[in-house]
Each structure stands twice: as C-alpha cells, then as structure tokens.
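Each chain, letter by letter, is given below.
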Amino acid sequence: MSDLKDRILIVGAGPVGLIAALRLSQAGVPVTLFEKEDRLLDDPRAATTHPATLEMLDEIGMVAEAEKQGLVCEEFYFWDRPRDEIVAKFNHRLLADETKFPYVVQCEQYKLAKIALAMLNDYPDADVRFSHEVTGVRQDADSISVSVAGPDGTDTVSGTYLIGCDGGRSTIRKSTGIGFDGFTYEERFVVLSTPFDFEAERGCCYRNYYADPDEWCNLFKVSHNGPPGLWRAVFPCDVDLSEDEVLSDDAVQARMQKFFPKEGEYDIVHRNIYSINQRVASTFRLGRVLLAGDSAHLNNSIGGMGLNGGIHDAMNATEKLISVWRDEADDSVLDLYDVQRRTTTHEFTQAQTIANKKRLEAKDPESRAKNLQELREIAADPERARAFLMGTSMISAVRRASTLGA
Ligand SMILES: Cc1cc2nc3c(=O)[nH]c(=O)nc-3n(C[C@H](O)[C@H](O)[C@H](O)COP(=O)(O)OP(=O)(O)OC[C@H]3O[C@@H](n4cnc5c(N)ncnc54)[C@H](O)[C@@H]3O)c2cc1C
C-alpha cells in the first residue's frame, strides 16, 4: 500500500486529466496520474478549441503552442448540401470585444495532450504513471484509495481527492455507482480524413456544416503533420451496417464521391466509426471523487463541444481543489463544481449539440426550410449573429456557470 495522502490522484491521461494535472502542478499541488495505456492515444477525435476554452488554456500557458501546432480559424459556414449552396457564414470577429480569442483553434486533442504532458515535465511533484490501470476506488472520511494494476503487480494507492478523467466507460464512475442517464443514438458517426483540398476545390472554410435530409456532413480541416493538412468529414451511418460494410475501400470511396464527385479516388488517411451518446452523470462529485470530461458527460460531436466541456470541468474542479488543498476553503466548495458544471452541461452542451444534430438532419421540407431561413436571418443581423456566436463559442456557458451557487 502506497500512501500518497496529500496528493491528488487523477485517473486517465486524456487531455482532460493532463490539463487538470498541469493546473494543479502549477499551483504547487502534488499529483499522481494513472494511465492504463503505455503512451498517449492519438486517434483522430476532437479538434476544435473554442474561444472560451482558449481563454482557459491561456491561463496555463498552452495557447501559443496550440496555435503553433494547429490552425487558427475565424469563420464557419452552414451549407445546404442538396443545393451545394452556402446558407450562412459566421465570423468570430464579432466577439472581438468579448474575448481575447475571437477565433477557434483547430488543434487535434492528442496534440493538446502532448503539450500538457511536456509541460508537466517541469514539475518534479507531478508523477505520471503509464501502463497503470485503476480497477477500483474506495473512500472514507479522511482519504481515498484506488486499486492499481501496473507492470510490477497490483497496489493500493491512497491520496486526498481523486479526479476521474477516465473517459466515457469510466471505471471511477461505475465503481462509485454514479448514474449516467441519457440515450444512445440509433446511428453511428463515420469519420474519414483526406488531404483533398476542399478550400481550393469547393470554396469551403476550415469548418463547415452541411444540412441534408439524406446524409448531413460536418467537414473541417486539421493541420495534422503540417501542410497540406487533412480534411475530416463526419457523416451519419446506419447502426445495422457492419464496420466492414461502412469502412471498406469501396464504401468509403462511394461516400466521398457522393459528397463531392471528383476524378480519381480520394486518398483516405483515417477511417473510424463511433457510437454516439448524450449522457450526463447524476453528480460530478461524490465525497472525495470528482468526475471530469467524458467520464462525466458525452454528447454528439456536431459543434465540437465534448472536449471543450471537459477542459472547462478540469479548470473549474482544479480551481476549487487548489483552495481546499491550501485550506483556503471548506470542501463544500466542491459541491459548487458539481452545480456549476453539471447545470451548464445540461443547459448548454447537451441542449446545443442535440439541436445542432436536429438542424442538420431535418427531413420534413417545411422545418428544414425554416431552419435554413433562420440561419440566414441570424447571420445577416450582427446582434443576433453575435448572440449565436456567444453560444457556439461556449462563452455564455462559462459566464452562466460563474453565476450559479455564488
Ligand atoms: C469523432 C469524434 C469527434 C470529436 N470532435 C470533438 C471536437 O471537435 N471538439 C470537442 O470538444 N470534442 C470532440 N469530441 C469529443 C472528445 O473526443 C472527447 O470529449 C475527449 O476525448 C474527452 O477527453 P477525456 O480526457 O475526458 O477522455 P479520453 O480522451 O477518452 O481519455 C481518457 C483516458 O483515460 C484512460 N483510462 C480509461 N480507463 C482507465 C483506467 N481504469 N485506469 C487508467 N486509465 C484509464 C484512457 O486510456 C484514456 O487515455 C469528439 C469525439 C469523437 C468520437
């Protein structure tokens, strides 16, 4: 049994766990982070970092490197896919007097994780243990302990608080019996990456939403390993189809050629398929356990809010843990973490991502025409466009959280 009792334990070295560890380390709080894999995962998932999140990454000194490794983009477009026509253009410059970052940065989540991990090297009290899987958690009035399986066998490690950042299938959430209500969509998302230049060939900006009653699409650019970068196209697909049927060369080429016919085959660099959930944990705090990131909430990726919300959790939770660790606040302040983050997850992230999907997939011609007309009108009115951008940029959610429970 290892006694790390003044330490904060973190489970999961995804971007959320690493950012939480970095923030705590910068405040002088010792952390031990357990990651079951032997290295950081680099599958192509989140890429969009919104203005509200850039403000937070700025506080911990990560923005300059994220901008260097990513793509700065001010605009996003809504398209009517059947007519191949731009319906509405939004530009974050309208938020120039609201935020230091009136743009998003398209920076893949594995790059954010690597930046945070490299920065953690400067803190000798930050102990990151790869190939260590947490298999269970127990707590009492004075401490928390986790069972860990590592290369040298199993151990029980105790600390003062624990942040469960161990993803959607979270062992921490399940071990503590915290509910995870919501639903799973009866379709999956298929993600295909290609270097084909949709900006030059199709007039796209770096972030595009295509409404289509038959097959909506979300198309955005990431910098990947440098120029020319990659374009990622996200489409819905039928749950009844096997992975082979969806991801075979023929199926992938057919899907891309239907989206934008071109001579010759598409060069496909990644192909993935994901189940999509809308779920929120019944509490983000149980005694000495806090949940953050995907362990606390899941949502569809249209609008790019999942990881952003996870980073907001990490920053909110660590702010409160730092004050408790320093004896500057009673630990009831951790309840405020639950209230602020869980409420805004429901009110903003869940509500917006569900609405985003409905808007893109609308089938009934009347509601579809109404949705697109509404977007046109919002984009044409600077005040309404600004209010719309306050939501998409997640600034409204963060401001709302700060008013809760105060
Ligand atoms: C196709 C797709 C596109 C997306 N696009 C966006 C986007 O543009 N913007 C956005 O904000 N979000 C997006 N998301 C969501 C985003 O990827 C997730 O919200 C994000 O990965 C959550 O980060 P996390 O650190 O909470 O969890 P994860 O990244 O899942 O990391 C969890 C870590 O915990 C480790 N772990 C798990 N169990 C244990 C254990 N028992 N012991 C030790 N370690 C453990 C795992 O190995 C992993 O490293 C997208 C998701 C998908 C699928």
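In case you missed it, the structure is sitting above this.
Since the structure is predicted, the reported quantities are computational estimates derived from the model, not experimental observations.

Asks: Please set out the pairing of strand β3 (residues 31–34) residue by residue, giving values where relevant.
Replies: In β3, alternate side chains face the same way, and those of Val31 and Leu33 on one face and Thr32 and Phe34 on the other are all buried. In this structure, strand β2 (residues 8–11) lies alongside β3, joined through four bridges in parallel fashion. Residue pairing in the sheet places Ile8 in a bridge with Val31 of β3.

Asks: Talk me through the environment of Leu33; I want residue IDs and the actual numbers.
Replies: Along the chain, Leu33 falls in strand β3. Among the residues examined, Leu33 registers a relative accessible area of 0% and is labelled buried. Sequence separation between Leu33 and Gly12 is 21 residues; the distance between their C-alpha atoms is 6.9 Å. If we skip the residues at most four places from it in the chain, Leu33 touches Ile10, Gly12, Ala13, Gly17, Leu18, Ala21, Asp127, Val128 and Arg129.

Asks: Which residues make up the sheet that holds strand β5 (residues 71–73), and what are the values?
Replies: Across the sheet, which stays open at both edges, the three strands sit in the order β4-β8-β5 with antiparallel pairing between neighbours. Each end of this open sheet is capped by a strand with a single partner; those strands are β4 (48–49) and β5.

Asks: Account for the site of the ligand, with residues named and values stated.
Replies: Taken together, 32 residues lie around the ligand, and Glu35, Gln109, Val134, Asp294 and Leu307 are the ones closest in. Measuring from a nitrogen atom of the ligand, one finds a backbone N or O atom of Val134 at 2.9 Å. Contact distances for the ligand include 3.4 Å between a nitrogen atom and a side-chain N or O atom of Thr171. Contributions of two or more residues to the shell around the ligand are made by α1 (15–26), β10 (133–139) and α9 (306–325). Per-element tally for the shell around the ligand: the top contributor is α9, with three residues.

Asks: Pulling in residues and values, what's your account of the packing of aromatic side chains?
Replies: Evaluation of the coordinates by the stated rule reveals 22 aromatic pairs. Consider the rings of Phe196 and Phe198, whose centres lie 4.9 Å apart with planes at 80 degrees: the pair is edge-to-face. Residue Phe196 shares its accessibility class with Phe198, and that shared class is buried. Aromatic ring contacts, followed pair by pair, group Trp79, Phe196, Phe198, Tyr206, Tyr210, Trp231, Phe235, Phe259, Phe260 and Tyr266 into a single cluster. Stacked on the ring of Phe180, the Lys or Arg Arg173 has its end atom at 3.6 Å from the ring centre. The residue whose ring lies beneath Arg202 is Phe259, and the NZ or CZ to ring-centre distance is 4.6 Å.

Asks: Tell me what's going on with helix α10 (residues 333–361), and back it up with residues and numbers.
Replies: With 29 residues, α10 extends 41 Å between its outermost C-alpha atoms, agreeing within 8% with the 42 Å of an ideal straight helix rising 1.5 Å per residue. At Thr345, α10 shows its maximal bend, which comes to roughly 40 degrees.

Asks: Got a sec to walk through the environment of Met62? Specific residues and values, please.
Replies: Checked against the element boundaries, Met62 lands in the loop between α2 (51–59) and α3 (63–69). In the structure, Met62 is positioned 43 residues away from Ile19 in sequence and 9.5 Å away in space, judged by C-alpha atoms. The residues contacting Met62, other than those within four sequence positions of it, are Ile19, Leu22, Leu57, Leu112, Ile115, Ala116 and Met119.

Asks: Break down the layout of surface pockets for me, citing the residues and quoting the values.
Replies: Taken as a whole, the second largest pocket encloses approximately 290 Å³ of empty space. Lining the second largest pocket are 15 residues, and of these Met56, Met315, Asn316, Glu319 and Val398 lie nearest its centre. Of all the secondary structure elements, the ones that give two or more residues to the lining of the second largest pocket are α2, α9, α10 and α13 (395–403). Among the elements that make up the lining of the second largest pocket, the one with the highest residue count is α9 (five residues).

Asks: Residue-level account of empty space enclosed by the protein, with values.
Replies: Any empty space left between the atoms is revealed when a probe the size of a water molecule rolls over them. One pass over the full model with this rule turns up two cavities of 30 Å³ or more. In this structure, the largest cavity encloses a volume near 110 Å³. Taken together, 14 residues make up the lining of the largest cavity; nearest its centre are Phe78, Tyr209, Gly303, Asn356 and Thr392. Elements with a minimum of two residues in the lining of the largest cavity: β6 (75–80), β15 (207–211), α10 and α12 (382–392). For the lining of the largest cavity, the element with the highest residue contribution is α10, accounting for four residues. Residue composition of the lining of the largest cavity, by class: seven nonpolar, five polar and two charged. The space that makes up the second largest cavity amounts to roughly 30 Å³. Forming the boundary of the second largest cavity are Ala46, Ala47, Thr48, Thr49, Cys107, Leu112, Leu307, Asn308 and Ile311. Of all elements in the fold, only β4 and α9 reach the threshold of two or more residues within the lining of the second largest cavity.

Quick notes on the rules
- Residues numbered from 1 in each chain as written.
- Predicted model: local features only at pLDDT ≥ 70, side-chain atom pairs only at ≥ 80, totals over all residues.
- Heavy atoms only, no water.
- Buried < 20%, exposed > 50% of the residue type's maximum accessible area, 1.4 Å probe, protein only.
- Helix = DSSP H or I, 4+ residues; strand = E, 2+ residues; numbered from the N terminus.
- Pairing = 2+ DSSP bridges.
- Contact = heavy atoms within 4.5 Å.
- Near = heavy atom within 4 Å.
- Polar contact = N/O pair within 3.5 Å; in protein donor to acceptor, adjacent residues only side chain to side chain.
- Phe/Tyr/Trp six-rings, centres within 6.5 Å; stacked < 30°, edge-to-face > 60°.
- Lys NZ or Arg CZ within 6 Å of the ring centre and 35° of its normal.
- Expected span 1.5 Å × (residues − 1).
- Bend = angle between axes of the 7 residues up to and from the residue.
- 1 Å grid on protein atoms, 1.4 Å probe; cavity = no way out; pocket = protein on both sides within 12 Å on 5 of 7 lines; lining within 4 Å.
- Points joined across faces, edges and corners; volume = space filled by probe spheres on them.
- Nonpolar A, V, L, I, M, F, W, Y, C, P; charged D, E, K, R; others polar.

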